[in-house]
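# Report on the structure
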Amino acid sequence: MLHNKHLIAGNWVGGDADFANAPVSGEADRFALGLPQHIKSAVEAAEQAFESYGNSSRSQRAKFLHTIADEIEARGEEITAIGIKETGLPEARLNGERGRTTGQLRMFADHIEKGNYLDRRHDEALPDRAPLPRPDLKMMQLPIGPVAVFGASNFPLAFSTAGGDTASALAAGCPVVVKGHSAHPGTSEIVAQAIAAAIKKCSLHPGVFSLVQGGTREAGQKLVQHPLIRAVGFTGSLGGGRALFDLCARRDDPIPFFGELGSVNPVFILPDAIASKSDEIASGWAASLAMGAGQFCTNPGIAILLSGETADQFIKTTGEALAKTGSQTMLSDGIAEAYCSGRDLVANSDGVYEILASDMETRNATPHLYRVSGADWLADPKLGEEVFGPLGLAVVVKDVDEMIEVAKSLKGQLTCTLHMDEGDSEVAQKLMPILVRKAGRILANGFPTGVEVSDAMVHGGPYPASTNFGHTSVGTMAIRRWLRPVCFQDIPEQIMPDDLK
């Protein structure tokens, strides 16, 4: 049962103002509108909780994460039902995303139990060293304090209320205040109910987690500007993310803003590869473009290939494969409107030719495919911007040198992909030094949709893929965002943190 309110320090809090979700079918539900006063209460409670939670043991926090996962699974059918209503995602996708969400929580529980993330170091004292003695030095990573997390629109579970940002921050020992996304407030609330139940079962301070539902822009601004917030996790648009990033930087005490903002995830198709398996690569690209209505941050929106008959056939085959894709419901009206705007920008650009066009009604996305020369692509930076949806742009270059120029002109990306055979090694070797400077993940002979949640995964990249190239929002290394190193010099054993004793 929905409370239709905010969860703040264990209490369900309403207000005079509300807003409605926009379900795909059925009647809309109304939820309390997030206002600055709700943000203030949630952040102050998080700071109070940090006194105990920031000093809790790793085993206590691991138990908490496992309990959250259990409570989410206990509400699985309810989460799926309201998720379908609010987002239009199919049951299988929501069930899979719920499994990823609980899997992340358990992964971080196991990760902190091992203790390697603490990066503990010890330089023993050298009292007799000349000309100066060395003190005893011990170092470890400690939690930074309350963290703000903005729920994402495209992953209502895995990147939202109890998603990777929340899971990694709680694992680190940081209380979390989530600013829920207005596209799926009901889904967010049921997950928050699961976290609230876990807090009670584990006897934790209720301020360790709060959910403030979607609200005014001012509320989001107040969250990142609150002096008790020590870092921000965000997945969303370039414009919105950049505005919040600038607010964080302009604070009297600037804080890190870990934002994932936009990526076209280019695919370079090399000559021998396209000669030997053109149809296979074309079908794979079409499937990846259309997956989930193209609403993945790793959607490979651009393919770069050499001009010639093989390129012409490849583009034709891709168009035919995309044409077989039916319309798919997009996650929100806002995403659908942005997709149409991006499509129109591409279609009306100089030198762009339409390969596959389709009519789109309301939130029902249909695929589009376009073609442009390498020269025209290089002349128009707008063509390198993300279009969030099932749209592909084939960039046809005249030779390898122009392909390299396209690679050099790329902005920061989450991923870059090479499709290659053995005979393409020389070209690939020329591209690799460029691509590793452009992206956080480099793939060969695959497609980037589908991000493994693991130790080695990097889901981030140079700006504008993310605002901090040294982080990942997926995988165990994501915990580093919410930690800072502290050195202890000649500290007596009895007052040393337990993890350094």
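Please refer to the structure higher up on the page.
Because the structure is a prediction, the values reported are computed rather than measured. (Residues numbered from 1 in each chain as written. Predicted model: local features only at pLDDT ≥ 70, side-chain atom pairs only at ≥ 80, totals over all residues. Heavy atoms only, no water.)

### Some remarks on the sheet that holds strand S12 (residues 267-269)
Put simply, the rule is: Being paired, for any two strands, means DSSP has found at least two bridges between them. A run of H or I in DSSP becomes a helix once it reaches four residues, and a run of E becomes a strand once it reaches two; helices and strands are each numbered from the N terminus. Every axis in this analysis is a line fitted to C-alpha atoms, fitted for helices over the stretch in contact. Angles between the N-to-C directions lie between 0 and 180 degrees. Residues count as neighbours in contact if any of their non-hydrogen atoms are within 4.5 Å of one another.
Taken in spatial order, the seven strands line up as S15-S17-S18-S13-S12-S19-S20 in an open sheet, and their pairing is mixed. At either end of the open sheet lies a strand with only one pairing partner, and these are strand S15 (353-356) and strand S20 (439-444). With direction set aside, neighbouring strand axes in the sheet form an average angle of 20°. Sheet topology places strand S13 (residues 302-306) next to strand S18 (residues 391-397); five bridges connect them, and they run parallel. Looking at the pairing, Ile304 lines up with Val395 of S18. Helix-sheet contacts for helix H10 (residues 309-323) involve S12, S13, S15, strand S17 (368-373) and S18, and the interaxial angle to S17 is about 165°. Packing of helix H11 (residues 333-347) onto the sheet brings it into contact with S17 and S18, and relative to S17 it is tilted by some 30°.

### A closer look at the sheet that holds strand S6 (residues 137-143)
As a general point, the strands of a sheet are linked pairwise by backbone hydrogen bonds and lie either parallel or antiparallel. The strand order across the open sheet built from three strands is S5-S6-S21, with neighbouring strands paired in antiparallel fashion. Each edge of the open sheet is held by one strand with a lone partner, namely strand S5 (121-123) and strand S21 (483-489). Across the sheet, the mean angle separating the axes of adjacent strands is 25° when strand polarity is ignored. Of the strand pairs in this sheet, S6 and S21 are connected by seven bridges, and their pairing is antiparallel. Its bridge partner lying in S21, Gln141 is registered against Pro485.

### Some thoughts on the side chain of Ser288
Worth spelling out the cut-off: Three exposure classes are used, based on accessible area relative to the maximum for each residue type with a 1.4 Å probe and protein chains only: buried under 20%, partly exposed in between, and exposed over 50%.
Topologically, Ser288 is positioned in helix H9 (residues 271-290). Judged by relative accessible area, which is 3%, Ser288 ranks as buried. In contact with Ser288, not counting residues within four places along its chain, are Asn299, Pro300, Phe447 and Thr449.

### Let's talk about the pairing of strand S11 (residues 257-260)
Note the cut-off: By convention, orient the strands away from the viewer: a clockwise path from the first strand over the helix to the second makes the crossover right-handed.
The alternating pattern of S11 places Phe257 and Gly259 and Phe258 and Glu260 on opposite faces, both of which are buried. Pairing geometry for strand S10 (residues 231-235) and S11, over four bridges, is parallel. Counted as the bridge partner of Thr235 is Glu260 from S11. For the crossover that starts at S10, traverses helix H8 (residues 238-250) and ends in the parallel S11, the hand is right-handed.

### Overview of empty space enclosed by the protein
Rules: Both cavities and pockets are sets of points on a 1 Å grid over the protein atoms alone; in a cavity a 1.4 Å probe fits but cannot get out, in a pocket the set is open with protein on both sides within 12 Å along at least five of seven lines, and lining residues sit with an atom within 4 Å of a point. Grid points are joined across faces, edges and corners, and a volume is the space filled by probe spheres set on the points. Under the scheme applied here, ten amino acids are nonpolar (Ala, Val, Leu, Ile, Met, Phe, Trp, Tyr, Cys and Pro), four are charged (Asp, Glu, Lys and Arg), and all others, including Gly, are polar.
Taken as a whole and judged by the stated rule, the model has one cavity of 30 Å³ or more. Each pocket or cavity is described by its volume, and for the largest cavity that value is around 130 Å³. Of the residues that constitute the lining of the largest cavity, the class distribution is nine nonpolar, five polar and two charged.

### Here's the deal with H11
Let me state the cut-off plainly: To estimate the expected span of a helix, count its residues, drop one, and scale the result by 1.5 Å. Each C-beta atom gives one direction from the helix axis, and the arc is the one those directions make.
The end-to-end C-alpha separation of H11 is 21 Å, in line with the 21 Å expected for 15 residues at 1.5 Å each. Listed as buried for H11 are Ile335, Ala336, Tyr339, Gly342, Arg343 and Val346. Looking straight down H11, one finds that the buried residues subtend no more than 125° of arc, so they occupy a single side. For H11, the elements touching its buried residues are strand S16 (364-365), S17 and S18.

### Structural notes on unusual backbone geometry
The linkage connecting Ala130 with the following residue, Pro131, adopts the cis geometry, with an omega of 5°. Within the secondary structure, Pro131 is located in the loop between S5 and S6. Looking along the chain, the bond that leaves Tyr463 and enters Pro464 is cis, with omega of 5°. Phi angles above zero are rare outside glycine, and Ala9 is one such case at about 50°. Within the secondary structure, Ala9 sits in the loop between strand S1 (6-8) and strand S2 (11-13). Phi angles above zero are rare outside glycine, and Asp490 is one such case at about 55°. With respect to the helices and strands, the residue Asp490 is situated in the segment after S21.

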